[in-house]
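Observations on chain architecture
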Amino acid sequence: MEKQALQYGRPAASLIGMPVYTLDSARKLGYIKDVIYDSMNSQLMAFTMEHPGLFSPKRYVLPFQNVHSVGRDAIMVENKQALVPGHEQQDISDIIYRGHTAGDKIVMTEGGNNLGRVSDVLINPDTGNAVSYVVSSGFAKDIGRGRNYVDARNAN
């Protein structure tokens with residue numbers, strides 16, 4: 001895949017802090033706190049949400065399959081039932097426990113050359129599939145040579 005094609009996608013880190021709104025009532029449900037990404041399947045699984053209330057003990061997640069759309073300024077869901085209690089999502093809890101997230105993993109070539117560390121994942125916002133991993137070789141090298149993009153389909 002050409003470098004330009006690998007750069008198409010939405011950086012997962014850019015989704016953090018985005019508001020989540022419902023289509024049925026235009027109600028803001030909160031903000032994205034973190035992205036849960038399964039590197040074994042190159043798939044965005046869910047988003048964690050900021051605390052729904054100051055004294056609420058429940059942690060909510062937004063499974064990606066419940067997302068209607070990812071826009072430039074907000075993430076849209078059908079209604080408030082799109083958010084589910086985190087403890088009810090075993091598959092998502094398993095991903096977090098196993099550590100199958102992309103952030104800060106070392107990327108090596110088959111020949112044993114260290115390309116750097118994953119600094120972000122470019123996601124297709126329509127499917128949640130990873131397009132590529134953004135690989136940083138360090139601040140100085142990134143400025144001089146630019147960042148590397150590794151095709152997510154060939155990265156495992």
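Report on the accompanying structure. (Residues numbered from 1 in each chain as written. Predicted model: local features only at pLDDT ≥ 70, side-chain atom pairs only at ≥ 80, totals over all residues. Heavy atoms only, no water.)

**Remarks on the packing of aromatic side chains**
As enumerated under the stated definition, the model contains one aromatic pair in all. Seen in terms of ring centroids, Y37 and Y133 are 6.2 Å apart; in terms of plane orientation they differ by 85 degrees. Their pairing is edge-to-face. Taken together, the residues Y37 in strand β3 (residues 28-38) and Y133 in strand β11 (residues 130-136) connect sequence positions 96 residues apart. Neither residue differs from the other here; Y37 and Y133 are each classed as buried. (Phe/Tyr/Trp six-rings, centres within 6.5 Å; stacked < 30°, edge-to-face > 60°. Helix = DSSP H or I, 4+ residues; strand = E, 2+ residues; numbered from the N terminus. Buried < 20%, exposed > 50% of the residue type's maximum accessible area, 1.4 Å probe, protein only.)

**Looking at the nonpolar core**
In this structure, V20, I32, F47, L62 and I75 are the most contacted members of the largest nonpolar core, which totals 28 residues. If you list the elements that add at least two residues to this core, you get β3, β4 (43-49), β6 (67-70), β7 (75-77), β10 (114-123) and β11. For this core, the element with the highest residue contribution is β3, accounting for four residues. Other than its neighbours up to four places away in sequence, F47 contacts L15, I32, D34, V35, Y60, V61, L62, F64, V67 and I75. (Core = buried A, V, L, I, M, F, W, Y, C linked by side-chain atoms within 4.5 Å. Contact = heavy atoms within 4.5 Å.)

**Quick word on the pairing of β6**
Pairing of β6 with β7 involves three bridges; the strand directions are antiparallel. Counted as the bridge partner of V67 is V77 from β7. Two successive antiparallel strands, β6 and β7, enclose a turn made up of four residues. (Pairing = 2+ DSSP bridges.)

**What about unusual backbone geometry?**
In this structure, A26 takes a positive phi of about 55 degrees despite not being glycine. Mapping A26 onto the fold places it in the loop between β2 (19-22) and β3. With a relative accessible area of 57%, A26 lands in the exposed category.

Geometry only, nothing functional implied.
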